[in-house]
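# Architecture and fold: a report
Each chain, letter by letter, is given below.
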Amino acid sequence: QVQLVESGGGSVQAGRSLVLSCVVDRDTYSNSCMAWFRHVQGKEREAVAAVYFAGIPKYYSDSVKGRFTISLDGAKSTIYLHMNNLKPEDSAMYYCAARGPGEWCRPQTWHEGDMYRFWGQGTRVTVSS
């Protein structure tokens, strides 16, 4: 079984920053599109950002564009989500996901959760006003 492990969540005030990390199994990481999703109970799961293992291309949802940055460290097979100027509406459980080895990011479908085979357990982010 493939394991993705998220960390870095916490409670912060609006306007502050957090950095999430996700360690991905190396075989899964290779040549894979990887992404961050977030979910609030009772609401639809939302794609936040995605990146191909080589570092490009990158994709962002309109709600976080300009505030969040997705990055990766190939040596550590880890992806990151740098979240700046956090807002209360950013509060959610954040999940790391990977499509799988050899599966590219596609502009038309990067945001669709069904495209991703592997998921982490999540890390919670709470932003107070």
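Within every chain, residues take consecutive numbers counted from 1 along the sequence as written. The predicted nature of this model means local features are confined to residues of pLDDT at least 70 and side-chain atom pairs, given and counted, to a pLDDT of 80 or more, with totals for whole chains, interfaces and linings taken over all residues. Values shown for side chains rest on all heavy atoms present in the structure; no hydrogens or waters enter the calculation.

## Focus on the nonpolar core
Of all hydrophobic cores here, the largest spans 26 residues; its most connected members are W36, V48, F68, I79, L81, M83 and Y94. Put simply, DSSP marks the helices as runs of H or I at least four residues long and the strands as runs of E at least two long, and each gets a number from the N terminus on. Of all the secondary structure elements, the ones that give two or more residues to this core are β3 (18-24), β4 (33-39), β5 (46-52), β7 (68-73), β8 (78-83), β9 (92-98) and β11 (123-128). By size, the runner-up hydrophobic cluster in this structure holds 11 residues, among which are C33, F37, A50 and W110. Residues belong to a common nonpolar core when they are buried Ala, Val, Leu, Ile, Met, Phe, Trp, Tyr or Cys residues joined through side-chain atoms within 4.5 Å. A simple rule labels every residue: compare its accessible area, found with a 1.4 Å probe on the protein chains alone, to the largest value its type can have, and call it buried under 20%, exposed over 50%, or partly exposed in between.

## Overview of the pattern of salt bridges
Note on definitions: salt bridges are taken to be side-chain nitrogens of Lys or Arg within 4 Å of carboxyl oxygens of Asp or Glu. Using the criterion set out here, one finds 5 salt bridges in the structure. Notably, a salt bridge pairs R38 with E46, separated by 2.9 Å at the nearest N-O pair. For the salt bridge of R99 with E103, the shortest nitrogen-to-oxygen distance reads 3.3 Å. One network of salt bridges, in which partners are shared, links R38, E46, R67 and D90.

## Description of the sheet that holds β7
When DSSP finds two or more bridges between two strands, those strands count as paired. The sheet built from 4 strands is open, its strands ordered β1-β3-β8-β7 with antiparallel pairing. If you trace the sheet from one side to the other, it starts and ends with β1 (4-7) and β7, each paired once. Each strand axis lies, on average, 15 degrees off the axis of its neighbour in the sheet, ignoring direction. Pairing geometry for β1 and β3, over 4 bridges, is antiparallel. Lines are fitted to the C-alpha atoms to define the axes, a helix being fitted only along its stretch in contact, and any angle between axes, read from their N-to-C directions, falls within 0 to 180 degrees.

## What about the side chain of S77?
Position of S77 relative to the elements: it lies in the loop between β7 and β8. Classification of S77 as buried rests on a relative accessible area of 6%. Residue contacts are defined here by distance: any two heavy atoms, one from each residue, within 4.5 Å place the two residues in contact. What S77 contacts, discounting residues up to four positions off in sequence, is C22, V23, V24, R26 and Y29.

Fair warning: the whole summary comes from geometry, so function is off the table for now.
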